[in-house]
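Notes for the structure review
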Amino acid sequence: MAVTQRAERGERERGERGGDRERGDNELVDKLVSINRVAKVVKGGRRFGFAALVVIGDQKGRVGYGSGKAREVPEAIRKATEHAKRNMIRVNLREGRTLHHDIEGRHGAGKVVLRAAPPGTGIIAGGPMRAVFETLGVADVVTKSLGTSNPHNMVKATFEALKQLNAPRHIAAKRGKKVGDILGRRPETEE
């Protein structure tokens, strides 16, 4: 009973589920994506444990995710945050607001489609993917989740997609061309 009350108190102190907090070190923002309570039945009753999934980013192109398990909610969140800090990746953004091209990511039964969007579109994404893009600093993106709605698989599929993202500068360097040649600047059309 005491464990459950402490968990509920931790939930209230943190705010609603999925709340975000800003941290002083490198201006990192972390978002709690999901928290899962599991029970182990033992001789004296049940023992509760908690699993947390956290996404952390600097809103300037770096993002990471982590999971942590513990007997209490705050400890699980702390472990997940530490894991996320160790596993951060850098993502190249176009104009600092959207993706360079459309990509698909897959992990387990989760499949996500990420599409670049024009200015003013906003973040059109489901819960776990929205947390990733908000902490990443993307302002305009359209996404679709196909398959599972499991938060862990959705976040991992999103990260698999983001790892595939290539900037035109990298492609131009590989091919020995100019960035303008890669982007295919369109000639003016006559009417």
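Residues numbered from 1 in each chain as written. Predicted model: local features only at pLDDT ≥ 70, side-chain atom pairs only at ≥ 80, totals over all residues. Heavy atoms only, no water.

1. Regarding the nonpolar core
One finds L114, F133, L136 and L162 to be the most contacted residues of the largest nonpolar core, which totals 27 residues. Mapped onto this core, the elements with two or more residues apiece are β3 (45–57), β7 (110–116), α3 (127–136) and α4 (151–163). Looking at this core, the element that brings in the most residues is α4, giving six residues. Those residues in contact with L136 that lie beyond four places of it in its chain are Q59, K60, G61, R62, V63, V91, L93 and L162. (Core = buried A, V, L, I, M, F, W, Y, C linked by side-chain atoms within 4.5 Å. Buried < 20%, exposed > 50% of the residue type's maximum accessible area, 1.4 Å probe, protein only. Helix = DSSP H or I, 4+ residues; strand = E, 2+ residues; numbered from the N terminus. Contact = heavy atoms within 4.5 Å.)

2. A few points about the environment of P151
Summarising the element assignment, P151 is placed in helix α4. With 22 residues separating them in the primary sequence, P151 and M129 have C-alpha atoms 8.5 Å apart. Ignoring sequence-local partners within four residues, the contact set of P151 consists of V33, S34, L53 and P128.

3. Focus: the sheet that holds strand β6 (residues 103–107)
Pairing is mixed across the open sheet formed by four strands, whose spatial order is β6-β7-β9-β8. Each edge of the sheet is formed by a strand with only one pairing partner; in this case those strands are β6 and β8 (123–124). Direction of pairing for β6 relative to β7: antiparallel, over a ladder of five bridges. Each bridged residue has a counterpart across the sheet, and for R106 the counterpart in β7 is K111. Its contacts with the sheet put α3 on β7, β8 and β9 (141–147), and the angle it makes with β9 is roughly 150°. (Pairing = 2+ DSSP bridges. Axes fitted to C-alpha atoms, helices over the stretch in contact; angles between N-to-C directions.)

By themselves these figures say nothing about function.
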